[in-house]
Amino acid sequence: MTEPGLDPSEATQRAWAGGWLTIDRAAIVANWRTLDDLSGAAECAAVVKADAYGLGIDRVAPALAAAGCRSFFVAHLGEGVALRTVLGEAPAIHVLNGIPPGTAPAFRAHRLLPVLNGMTQIAEWRALAAACGETLAATLQLDTGMSRFGLSPEEAMRLAGEPALLEGIAIGLVMSHLGCADTPDDPRNAAQLAAFHRLRAAAPDARASLAASSGIFLGAAYHAGMVRPGAALYGVPPNAARPNPMRPVVRLQARIVQTRIVPPGSWVGYGARFVTRRESRIATLAVGYADGFLRAGGGEGAASLPGWPGTLPIVGRISMDCLAVDVTGVEAGLVQDGAALDLIGPGRPLEDAADAAGTIGYELLTGLGHRYARTYI
Ligand SMILES: *Cc1c(COP(=O)(O)O)cnc(C)c1O
C-alpha cells in the first residue's frame, strides 16, 4: 500500500509499520496564521513543548520559524537546548518551568529565556548576572489563580516595591496562564485578567502575555502583547462547545492485518468484552495502546474508511499491538489485508477519538507512540 509521491524510504517505513501518522505542516502554519490574524497587534508565539505535542519539534518548529514565528515556548531546559540547535540563534526560546536549581549557566550558554516562576529562580538568575557582570534577559510568570506556576500576589507586590530583587535581570515579558479559558463564560477568566493587570506592576515595562489557544478566542482584552498557542496549532479545538475553526493536522491510519467472518455469539478480544449478535466481519488492525491509542478507547471508539459513510465501531478491548473493528457490511475489497482504516482522519476527528477514550486531544496527541511510519507533508 504505497502512495505515489512517497520517497522510497518512506514507502518502506510504511510497509514495515503497523500504523501511519501523517502530519500536515502546511495546516500547522495555516493555523498559526489564523491565530496570528485573530490576535491583532499581539505577537503570535508557538508552544512546542512535549516534542511539539507529539508531532516532532525538529520538523514543526522550523516550519513555523520559516512562516515568521519569532518566539517559541518549551517546558524543560533540555527541550530548550535541543530546540536552540534546531532553530539557530535568532528565535526567542522561553522555558516555561524556569531554572532547575544549579542550571542557570546552561540557560545563558544556550541563550534561553527562563520563565522565572518564584523567588528562588529569580535569585539564581540574579546571582548569575552578578557573577558574569551582565544583564540577563528573562520572562516573569505571575500566578493569577491556577496555583501552579508563578509569583504569588504577595511576591509580585514585593518585587514591585523592591527593584533590587531584579538587579541584573531584564524582564522582557511578563506572563500568566488562564485555567478555564475553554469555557468563555467562566467568571474566573475575567478575574484572572483583572489580577494580571494589577500584578503586572512587578514588571511595568515588560510586554505582557496571558492567552494560550483558548484564551485567544476570549477576545482582544486577553491578547495583550503576545499570545502563546499550542494545541490549536495542531488542530485541537480551542472551545469544546463550538465548531472547530482550526485545520486538522494529524491523520492516523492503522493497517488491517487480517479479517475474519465469525458467527453470532462469537467473542472478541481480552475479557470477551464484546460478543457478536450477528454474523460479523471483524478486522484486526495493527495499532494498540503501546502506540498511544488508549485502551480506555475500546468501548466507544471507532475507525473510519474514506468513502464509507459513518464510522465503524472498535469492538472489544484494545490490546497492546492491535485492536478489532467491526467491518460487517463493508465491501470485502475495501478491507483486504494491508488496507488501512483511519483512527484519526477526515471521517474521524481527533476530538472524537479523544472523547471516546475519555480524554482530550492534547493527551492523545502527546501520547502517540514511536512505532508509526511518520510522513510530513
Ligand atoms: C502549554 C501552555 C501553553 C499552550 O497551551 P495550549 O492550550 O496548548 O494552547 C501556553 N502557556 C503555558 C504557560 C502553557 O503551559
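Residues numbered from 1 in each chain as written. Predicted model: local features only at pLDDT ≥ 70, side-chain atom pairs only at ≥ 80, totals over all residues. Heavy atoms only, no water.

Re the packing of helix α4 (residues 57-67) against helix α5 (residues 77-87)
Alright, step 1. Their axes nearest at 10 Å, the elements α4 and α5 cross at an angle of 55°. Here α5 runs oblique to α4, going by the angle between their axes. In terms of crossing hand, the pair formed by α4 and α5 is right-handed. Touching I57, D58, A61, P62 and A65 of α4 are L83, V86 and L87, all from α5.
Alright, step 2. Its residues assigned to classes, the contact of α4 with α5 comprises seven nonpolar, no polar and one charged. (Axes fitted to C-alpha atoms, helices over the stretch in contact; angles between N-to-C directions. Helix = DSSP H or I, 4+ residues; strand = E, 2+ residues; numbered from the N terminus. Parallel < 35°, antiparallel > 145°, perpendicular 65-115°, else oblique. Left-handed = near helix turned anticlockwise from the far one by under 90°. Contact = heavy atoms within 4.5 Å. Nonpolar A, V, L, I, M, F, W, Y, C, P; charged D, E, K, R; others polar.)

Quick look at the pairing of strand β18 (residues 340-344)
Alright, step 1. Burial within β18 is extensive, with five of its five residues counted as buried.
Alright, step 2. The pairing of strand β11 (residues 250-262) with β18 spans four bridges and is antiparallel. By the bridge assignment, L252 is partnered in β18 with I344. (Buried < 20%, exposed > 50% of the residue type's maximum accessible area, 1.4 Å probe, protein only. Pairing = 2+ DSSP bridges.)

Here we look at the site of the ligand
Alright, step 1. In the neighbourhood of the ligand, 14 residues make up the surrounding shell, with K49, Y53, S213, A231 and Y362 lying closest.
Alright, step 2. The separation between an oxygen atom of the ligand and a polar side-chain atom of K49 is 2.7 Å.
Alright, step 3. R228 is positioned such that a nitrogen or oxygen atom in its side chain is 3.0 Å from a nitrogen atom of the ligand.
Alright, step 4. Looking at the shell around the ligand, its residues break down into eight nonpolar, three polar and three charged. (Near = heavy atom within 4 Å. Polar contact = N/O pair within 3.5 Å; in protein donor to acceptor, adjacent residues only side chain to side chain.)

A closer look at the side chain of E43
Alright, step 1. Topologically, E43 is positioned in strand β2 (residues 43-44).
Alright, step 2. Non-local contacts of E43, meaning those with residues more than four positions away in its chain, are made with R70, S71, R207, G225, M226 and V227.

What to know about α5
Alright, step 1. Residues L77, E79, G80, L83, R84 and L87 constitute the buried set of α5. Mapping the buried residues of α5 onto a view down its axis gives an arc of 150°, with all of them on the same face. The exposed residues of α5 that point more than 90 degrees off its buried face are G78 and T85.
Alright, step 2. Buried residues along α5 sit in contact with α3 (49-53), α4, β4 (71-74), β5 (92-95) and α6 (104-109).
Alright, step 3. Count one or two residues on from α5 and you reach G88, which has phi positive near 75°. (Arc of directions from axis to C-beta.)

What about the packing of aromatic side chains?
Alright, step 1. Summed over all chains, the structure comprises three aromatic pairs.
Alright, step 2. Seen from their ring centres, Y53 and Y362 are 6.1 Å apart, and the 45° between their planes marks the pair as tilted. Note that Y53 is positioned in helix α3 and Y362 in helix α12 (residues 361-367), a separation of 309 residues in sequence.
Alright, step 3. On the basis of relative accessible area, Y362 is assigned to the partly exposed category, the value being 35%.
Alright, step 4. Through successive ring pairs, a cluster of aromatic residues spans Y53, Y234 and Y362. (Phe/Tyr/Trp six-rings, centres within 6.5 Å; stacked < 30°, edge-to-face > 60°.)

With respect to the domain arrangement of the protein
Interface extent is often summarised as the accessible area lost during association of the parts.
Alright, step 1. Each assigned domain of the protein is listed with its residue range as follows: domain 1 (25-234) and domain 2 (250-376).
Alright, step 2. One C-alpha centre belongs to domain 1, the other to domain 2; they are set 38 Å apart.
Alright, step 3. Between domain 1 and domain 2, the residue contacts involve nine residues of the former and six residues of the latter.
Alright, step 4. With both sides pooled, the region where domain 1 packs onto domain 2 buries about 810 Å², and carbon together with sulfur makes up 64% of that total. (Domains from an automatic or database assignment. Buried area = accessible area lost by both parts, 1.4 Å probe.)

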